[in-house]
Amino acid sequence: MARLGLTPQRLAAAGAELADEVGFDQVTASALAQRFGVKVASLYSHIRSTQDLKVRIALFALAELADRAAEAVAGRAGKDALVALGNVYRDYAREHPGRYAASRLRLDPQTAAASAGPRHAQLARAVLRGYRLGEPEQTHAVRLLGSVFHGFASLDLAGAFSHSLPDSEESWSWALEALDTMLSSRSTESG
């Protein structure tokens, strides 16, 4: 086992790759053990169960996505930051559909609080600073951004937009423009 160099982190990364290949719902400890050519019992020194593996993949994906988002919005403001943030989520979903699905896994409150999840909300709030929104509007806006970004990405991945014109790229640009217009109209001088 030691010669394979298996660690919980390496298993989470390999599980994330597997999720992209076969779908997050299909990831099991057994499938991961096959990938490494070991018995399932060998993995249990590093993970407790398939559910534990899935949580670790979710944490891996959330951190990876937060890092990409932080890099994308750094030095940007207003609409430019909004578009950059939205594009990160949509592009990540397209590039890593299994990981993206993992990032949507419901976590228990303690695990969620310790995850990169709060970083996602902080990044959204940083983007929204350019719109000078007060509370509770900023919280509403964070939820709206998540709904639009994740909703669009999920529908796009499912092929929901592939049966009609205009192209989904056009709709994505339109949605980001509409978000910017709406957020700009809600701006307050005191925020």
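For the structure, check the block above.
So, here's what we can say about the structure. For clarity, every value in this text was computed on a predicted model and none was experimentally measured.

**Some thoughts on the overall build of the protein**
Step number 1: Tallying secondary structure elements over the protein gives ten helices and zero strands in all.
Step number 2: Reading the protein from its N end, one meets helices and strands in the order α-α-α-α-α-α-α-α-α-α.
Step number 3: On the principal axes, the C-alpha backbone points of the protein span a range of 60 × 40 × 25 Å.
Step number 4: Residue burial in the protein is summarised as follows: out of 191 residues, 40% are buried.
Step number 5: The contacts in the protein between residues at least 6 apart in sequence include a share of 70% that link residues at least 24 apart.

**A look at the side chain of Lys54**
Step number 1: For Lys54, the position within the fold is in helix H4 (residues 50–73).
Step number 2: An unpaired buried charge is present at Lys54: no salt bridge exists, and Asp25, the closest side chain of opposite charge, is 4.7 Å distant.
Step number 3: Contacts of Lys54, omitting those with residues within four sequence positions, involve Phe24, Asp25, Val27 and Leu105.

**Remarks on unusual backbone geometry**
Step number 1: Here the bond from Glu135 into Pro136 is cis, since omega is 5 degrees, no more than 30 degrees from zero.
Step number 2: Here the phi dihedral of Arg132 falls at roughly 50 degrees; this positive angle occurs in a residue that is not glycine.
Step number 3: Accessibility expressed as a relative area gives 35% for Arg132, which makes it partly exposed.

**Focus on the nonpolar core**
Burial of nonpolar side chains together is a common tendency in soluble globular proteins.
Step number 1: In this structure, Leu43 and Phe149 are the most contacted members of the largest nonpolar core, which totals 48 residues.
Step number 2: For this core, the secondary-structure elements that each account for two or more residues are helix H1 (8–22), helix H2 (29–36), H4, helix H5 (78–95), helix H6 (97–103), helix H8 (117–129), helix H9 (137–157) and helix H10 (168–185).
Step number 3: It is H5 that contributes the most residues to this core, eight residues altogether.
Step number 4: Membership of the second largest hydrophobic core comes to six residues, among which are Leu62, Ala66, Leu107 and Ala116.

Parameters and conventions
Residues numbered from 1 in each chain as written. Predicted model: local features only at pLDDT ≥ 70, side-chain atom pairs only at ≥ 80, totals over all residues. Heavy atoms only, no water. Helix = DSSP H or I, 4+ residues; strand = E, 2+ residues; numbered from the N terminus. Buried < 20%, exposed > 50% of the residue type's maximum accessible area, 1.4 Å probe, protein only. Contact = heavy atoms within 4.5 Å. Lys, Arg positive; Asp, Glu negative; His and termini not counted. Salt bridge = Lys/Arg side-chain N within 4 Å of Asp/Glu carboxyl O. Core = buried A, V, L, I, M, F, W, Y, C linked by side-chain atoms within 4.5 Å.

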